[in-house]
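Coordinate inspection notes
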Amino acid sequence: MASTPTHNLNKVTNPENPPTRHGLAGAVPKPSKAKPLTWLFGIFCTLLSSAIIIAGLTVLIIYLIFRPRSPHLFISGATLNAGHIDTDMGIYLNADLTILANFSNPNHKVNIFFSYIELDLYFNNTLIAAQAIPGFSERAGETVLRSLHMVTSEVVIGEAKANGWWKQVNENKIAMEVRGRFRTRSDFGTLLHITYWLYSHCSIVLSDPPGGVLLSSSCRTKR
Ligand SMILES: *[C@@H]1O[C@H](CO)[C@@H](O)[C@H](O)[C@H]1NC(C)=O
Ligand SMILES: *[C@@H]1O[C@H](CO)[C@@H](O)[C@H](O)[C@H]1NC(C)=O
């Protein structure tokens, strides 16, 4: 019975004497403690969404300014200097192929740097030769030609593939594949650089050795 009146008194006296007027130490921090946190969170969210929007716009603007395109590999020329199957002690392929590889940078504003280039030669999915060439850079719109000498010496191929070789020699159309791997860096101005791997796949058809000429070539380059 005695506690209820005092309780009521407190409740009544508080609204009558607002804390601000009397500067009550216990009452002031309560509202101000909760508010800065919500404010900080609001500011954080605003900053975060602004940062995301600005980053997105920056990427879009860089894309629109530079219009980046992947560099390409073409086989501009090839000569099958030699090629025969050795059946003395098993079934082995020997071949000698010269390739003129055309690396083109189709960009108008992006420079390209190849730090690592490897070209592998395949006959019917069997790796028969490989070559790595020193890296180089290419300005926008530039084309670089590199001559590669692929030598195949006593590479084991099965009877089925040897029969395929002889059949193609009879038709004077020898099909091979050139697969390329390139460590590539795109330079957007001087500040922004992006490094990635590029893979090229070229199908080439040559006439019979010696002096086999390039009859057709088609390449695909992708990331
Ligand atoms: C290399 O490729 C580029 C781009 O397709 C082409 O314009 C150029 O003529 C090619 N160069 C040679 C020597 O084939
Ligand atoms: C490729 O080799 C397979 C055996 O691995 C053979 O059956 C096929 O005929 C060959 N293809 C050509 C185009 O020679």
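- Naming follows an unreviewed UniProt entry, where the protein appears as NDR1/HIN1-like protein 13 of Dioscorea cayennensis subsp. rotundata.
- Quoted verbatim from the Subcellular location (unreviewed entry) field of the UniProt record, the comment on the protein reads "Membrane".

Some remarks on the site of ligand 2
- Around ligand 2, the neighbouring residues are N124, A160, K161, G164 and Q168.
- Of the residues in the shell around ligand 2, the class split is one nonpolar, three polar and one charged.

Looking at the site of ligand 1
- Around ligand 1 lies a shell formed by F74, S76, N102, T143 and L145.
- Contact between ligand 1 and S76: an oxygen atom at 2.8 Å from a side-chain N or O atom of the residue.
- With respect to ligand 1, the side chain of N102 contributes an N or O atom lying 2.4 Å from an oxygen atom.
- About the coverage of ligand 1: the protein hides 44% of its 360 Å² of free accessible area.
- Breaking the shell around ligand 1 down by element, the ones donating at least two residues are strand 1 (72–86) and strand 6 (143–156).
- Classifying every residue of the shell around ligand 1 gives two nonpolar, three polar and no charged.

Quick notes on helix 4 (residues 159–171)
- Here helix 4 spans 18 Å end to end across 13 residues, near enough to the 18 Å set by a 1.5 Å rise per residue.
- Along helix 4, the positions that sit buried rather than exposed are A162, W165 and Q168. For helix 4, the buried positions fall inside an angular range of 125° around the axis, keeping them on one side. Facing away from the buried side of helix 4, by more than 90 degrees, are the exposed residues E159, A160, K167 and N170.
- Here the buried face of helix 4 lies against strand 1, strand 2 (92–104), strand 3 (110–123) and strand 7 (174–188).

Things to note about the packing of aromatic side chains
- Under the criterion given, the structure shown has eight aromatic pairs.
- Ring geometry for F66 against F188: centres 5.3 Å apart, planes inclined by 90°, an arrangement best described as edge-to-face. Separated by 122 residues along the polypeptide, F66 in helix 3 (residues 29–66) and F188 in strand 7 bring together distant segments of the chain. With respect to class, F66 is no different from F188; both count as buried.
- The rings of F103, F114, F136 and F182 are connected pair by pair, giving a single aromatic cluster.
- Here R179 stacks its cationic end above the ring of Y122, 3.8 Å away from the centre of that ring.

Digging into the confidence of the model for the protein
- With 85% of its residues at a pLDDT of at least 70, the protein reaches an overall mean of 86.
- Here residues 1–27 is modelled with pLDDT under 50, and outside its nearest four sequence neighbours on either side it reaches four contacts, counting other chains as well.

Some details on the pattern of salt bridges
- Per the counting criterion, the structure on display carries four salt bridges.
- Taking the shortest distance from any N to any O, the salt bridge between R179 and E177 comes out at 3.2 Å.
- A salt bridge links D187 to R185; the nearest nitrogen and oxygen atoms lie 2.8 Å apart.

Focus: the nonpolar core
- L97, F103 and M176 are the most contacted members of the largest nonpolar core, which totals 36 residues.
- Only strand 1, strand 2, strand 3, strand 4 (126–133), strand 6, helix 4, strand 7 and strand 8 (192–206) provide two or more residues apiece to this core.
- Sorting elements by how many residues they give to this core places strand 3 first, with six residues.
- Other than its neighbours up to four places away in sequence, M176 contacts L80, L97, L121, Y122, F123, I128, W165, C202, S203, I204 and L206.

Quick notes on the rules
Within each chain, residues carry numbers counting from 1 in the order of the written sequence. Think of it this way: whatever chain is written first is A, whatever ligand is written first is 1, and the rest follow in order. For a predicted model such as this one, the threshold for reporting local features is a pLDDT of at least 70, and the threshold for listing and counting side-chain atom pairs is 80 or more; totals across whole chains, interfaces and linings nevertheless cover every residue. Each side-chain value is derived from all of the structure's non-hydrogen atoms; neither hydrogens nor water enter the calculation. UniProt positions are given in the numbering used here, feature names are shortened, and annotations may be inferred rather than shown by experiment. Throughout this document, a residue counts as near a molecule or strand when at least one of its heavy atoms sits within 4 Å of that molecule or strand. Residues were grouped as follows: Ala, Val, Leu, Ile, Met, Phe, Trp, Tyr, Cys and Pro as nonpolar; Asp, Glu, Lys and Arg as charged; and all remaining residues, including Gly, as polar. What qualifies as a polar contact is a pair of N or O atoms within 3.5 Å, subject to a donor-acceptor requirement within protein and to the restriction that residues adjacent in sequence count only when both atoms come from side chains. Computed with a 1.4 Å probe, the accessible areas rest on the Shrake-Rupley method; for each residue, only the protein chains presented here act as cover. Helix and strand definitions follow DSSP, with helices as H or I runs of at least four residues and strands as E runs of at least two, each counted in order from the N terminus. Each helix should span, by expectation, one fewer than its residue count multiplied by 1.5 Å. The buried label applies to any residue whose accessible area, calculated with a 1.4 Å probe on protein chains only, is under 20% of its type's maximum; exposed applies above 50%, and partly exposed to all values in between. What the arc measures is the spread of directions leading from the helix axis to the C-beta atoms. Residue contacts are counted whenever heavy atoms from the two residues lie within 4.5 Å of one another. In this scheme Phe, Tyr and Trp rings, the latter by its six-membered ring, pair at centre separations within 6.5 Å, and the angle between planes marks the pair as stacked below 30 degrees, edge-to-face above 60, and tilted otherwise. Here, a charge over a ring means that NZ of Lys or CZ of Arg falls within 6 Å of the ring centre while also lying within 35 degrees of the ring normal. Across the chain, each position has a pLDDT score giving the predictor's confidence in that residue, from 0 to 100. Any carboxyl oxygen of Asp or Glu within 4 Å of a side-chain nitrogen of Lys or Arg constitutes a salt bridge here. For the purposes of this section, nonpolar cores are sets of buried Ala, Val, Leu, Ile, Met, Phe, Trp, Tyr and Cys residues that join through side-chain atoms within 4.5 Å.

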